[in-house]
Amino acid sequence: MTENAWTRWPSREALSGVGVTPARRAFGLAARLITLGFFLWATFSDSHLEGWGVAAAILGVVLCGAAVVAYFRTTLEHRLPPSLGLLVLLFVMAVVALSSGFRSPAFVLWCGCAVIAIERLPLMAALPVTAVSLSVYAAAADDGWLTTVATTAGLALAGYVLRLDAEARGGAQRLLAQERAARVAEAESAALAERARIAREIHDVLAHSLSAQLVHLEAARLLIERDADRDKILDRVVAARGMAREGLAETRQALSALRGELSPLEDFLSELVATADGADVTVTGERRPMSAEASQAVRRVAQESLTNARKHAPGARVHLRLEYGEHQVRLDVRDSGGPPGELAGSGAGYGLLGMRERAELLGGSLEAGPQEEGFAVTLKVPV
């Protein structure tokens, strides 16, 4: 069952000293010392104390102090029966003090019980304790009715104000703890996202590089099986070695990109088509700043599209068009088509799927499919 305002304990943050400023801590300590000093002065200033009376008074002060300390601990642990038992003990000691002629210590105990009860207990238990303590104090005091009413009302109000202040401080501490936990969770999420990004970059680089090498090595295998000319086989092996070098360079470039050290996208595309026979690139629109993720997506799609064109339509013309728009960058890669190559069936076919997933993670899209002439890939990413 959900606790209501009457049965709910003050939070542990409110009952502890967490979040108390040094100035308030010093003020509270001074107030306690003054109260303790008055209690001791009122106890030992009576002239009739002598012999065993002094020992009894010291024992009573020690028991009261121990009971108060134990009460603060049990309320911090939200243990109601022992907390009420300790208040009853203090109440009884006040009655004993009054019957022994120690009026002032008895009044201090009753008033203190009223204040700390309403400050630290559930209201359902605190109000009866406060009412009984203040009623006994009012009956034992010889003050006028107006003074007694003002005193009891002031003590009850002071206890409630202390309770509200402690609850506000406890609420602030809980919010602070939640904010810190949220920041930790956000940092962990960012770290996981960064790890996923690094893994995706390395995967894409290796997948493209190894796929391109596979194209040439598979071609070399087919040439060997057909007893082709040695120079043709050597050309394929050399091309595979070149792709391995390019893969190493791309890996280094990806690591540089992860550090934010990307070369301009236009320069990258120009270098890419320069190494591919029958490929060209056109850039239109005003260059706009792009995130590292968006720039990497464009680069990977361009590389994957050129590799697919070499595999499925060897010898075809490939045109890349990079268009900067107001809110997005668009990359079109189209080939002129042609008869399928010998390696058209090689590979798992996951390249463009991975590029599509990358684009969607950035809030963009990727479309790929056959056209009237050849094959077209269109990537759109926001900037």
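Residues numbered from 1 in each chain as written. Predicted model: local features only at pLDDT ≥ 70, side-chain atom pairs only at ≥ 80, totals over all residues. Heavy atoms only, no water.

Asker: Is there a simple way to explain unusual backbone geometry in this structure?
Answerer: Here His-78, not a glycine, exhibits a phi torsion of approximately 60°, which is positive. Relative to the assigned elements, His-78 resides in the loop between helix H3 (52-76) and helix H4 (80-99). Its identity as a non-glycine residue notwithstanding, Asp-227 has a phi of 55°, on the positive side. Its place among the elements puts Asp-227 in the loop between helix H7 (145-225) and helix H8 (230-258). (Helix = DSSP H or I, 4+ residues; strand = E, 2+ residues; numbered from the N terminus.)

Asker: I tried to follow the nonpolar core on my own but got confused; where do I start?
Answerer: Soluble globular proteins tend to bury their nonpolar side chains together. Grouped together as the largest cluster of nonpolar side chains are 31 residues, with contacts concentrated most on Tyr-71, Leu-87, Leu-90, Trp-110 and Leu-121. Where this core is concerned, the elements lending two or more residues are H3, H4, helix H5 (103-120) and helix H6 (123-140). Counting residues in hydrophobic clusters, the runner-up holds 27 residues, among them Val-301, Met-355, Val-377 and Leu-379. (Core = buried A, V, L, I, M, F, W, Y, C linked by side-chain atoms within 4.5 Å. Buried < 20%, exposed > 50% of the residue type's maximum accessible area, 1.4 Å probe, protein only.)

Asker: Just to check I follow, could you spell out the pattern of salt bridges for this structure?
Answerer: Pairing is possible between side chains that carry opposite charge, provided their charged atoms lie close to one another. Overall, the coordinates contain eight salt bridges when judged by the stated rule. Here Asp-280 ties to Arg-317 by a salt bridge, and the two come within 3.4 Å at their closest N and O atoms. Note that Asp-280 is positioned in strand S1 (residues 279-284) and Arg-317 in the loop between helix H10 (292-312) and strand S2 (318-324), a separation of 37 residues in sequence. What makes Asp-280 partly exposed here is its relative accessible area of 26%. Residue Arg-317 is classed as partly exposed on the basis of its relative accessible area, which comes to 49%. (Salt bridge = Lys/Arg side-chain N within 4 Å of Asp/Glu carboxyl O.)

Asker: Sorry if this is basic, but what is going on with the environment of Met-290 here?
Answerer: Here Met-290 lies in the loop between S1 and H10. For Met-290 and Leu-265, which are 25 residues apart along the polypeptide, the C-alpha to C-alpha distance reads 9.4 Å. Once residues within four sequence positions are removed from consideration, Met-290 is found in contact with Leu-265, Ser-295, Val-298, Tyr-324, Val-329, Val-381 and Val-383. (Contact = heavy atoms within 4.5 Å.)

Asker: Looking at this structure, I do not really get the pairing of strand S4 (residues 365-370). What am I missing?
Answerer: Each regular strand carries side chains that alternate between the two faces of the sheet. Bridge analysis of S4 against strand S5 (residues 375-382) gives six bridges, and the strand direction is antiparallel. If you follow Ser-365 over to S5, its bridge partner there is Lys-380. Where S4 folds back on S5, the antiparallel hairpin that results is connected by four residues, among which Gly-374 adopts a positive phi of roughly 80°. (Pairing = 2+ DSSP bridges.)

Asker: So what exactly am I meant to see when it comes to the packing of aromatic side chains here?
Answerer: The geometry of an aromatic ring pair is captured by two quantities: the separation of the ring centres and the angle between the planes. In the structure shown here, the tally under the stated rule is four aromatic pairs. Seen from their ring centres, Tyr-71 and Phe-72 are 6.1 Å apart, and the 85° between their planes marks the pair as edge-to-face. A residue is classified by how much of its surface remains accessible, and Phe-72, at 25% relative accessible area, is partly exposed. Both rings, one in Phe-107 and one in Tyr-137, keep their centres 5.4 Å apart while their planes meet at 90°; by these two values the pair is edge-to-face. Of this pair, Phe-107 sits in helix H5 while Tyr-137 is found in helix H6, placing the two residues 30 residues apart along the sequence. With a relative accessible area of 8%, Tyr-137 lands in the buried category. An aromatic cluster is built from Phe-91, Phe-107, Trp-110 and Tyr-137, whose rings are joined through pairwise contacts. Directly above the ring of Phe-268 sits Arg-299, whose terminal nitrogen or CZ lies 5.1 Å from the centroid. (Phe/Tyr/Trp six-rings, centres within 6.5 Å; stacked < 30°, edge-to-face > 60°. Lys NZ or Arg CZ within 6 Å of the ring centre and 35° of its normal.)

Asker: What exactly am I supposed to notice about the environment of Arg-163 here?
Answerer: Following the sequence through the fold, Arg-163 ends up in helix H7. Look at Arg-163 and you get buried, because its relative accessible area is 6%. When residues no more than four places from it in sequence are discounted, the contact partners of Arg-163 are Arg-8, Pro-10, Ile-118, Glu-119, Arg-120, Leu-121, Pro-122 and Leu-123.

Asker: Explain the packing of H5 against H6 here, please?
Answerer: Angle between the axes and distance between the axes: these two values describe a pair of packed helices. Contact pair H5 / H6: the axes reach a minimum separation of 8 Å and the direction vectors enclose 160°. Here H5 is positioned roughly antiparallel relative to H6, judged by the angle of their axes. You can see that H5 and H6 cross each other, and the crossing is left-handed. Taken together, the residues of H6 that come into contact with H5 (itself represented by Arg-103, Phe-107, Trp-110, Cys-111, Cys-113, Ala-114, Ala-117 and Ile-118) are Leu-123, Ala-126, Leu-127, Val-129, Thr-130, Ser-133, Leu-134, Val-136, Tyr-137 and Ala-140. (Axes fitted to C-alpha atoms, helices over the stretch in contact; angles between N-to-C directions. Parallel < 35°, antiparallel > 145°, perpendicular 65-115°, else oblique. Left-handed = near helix turned anticlockwise from the far one by under 90°.)

Asker: Quick question: what am I supposed to make of helix H9 (residues 265-274) here?
Answerer: Side chains of residues three or four places apart in an α-helix project in the same direction, reflecting 3.6 residues per turn. Among the residues of H9, those classed as buried are Leu-265, Glu-266, Phe-268, Leu-269, Leu-272 and Val-273. Along the axis of H9, the buried positions cluster into a sector of 160°, meaning they face one direction only. Turned more than 90 degrees off the buried face of H9, the exposed positions are Glu-271 and Ala-274. (Arc of directions from axis to C-beta.)

Asker: How should I be thinking about H10 in this particular structure?
Answerer: Compared with an ideal rise of 1.5 Å per residue, which puts 21 residues at 30 Å, H10 spans 30 Å between its outermost C-alpha atoms and is within 8% of the ideal. Most of H10 is tucked away: 17 of the 21 residues are buried. (Expected span 1.5 Å × (residues − 1).)

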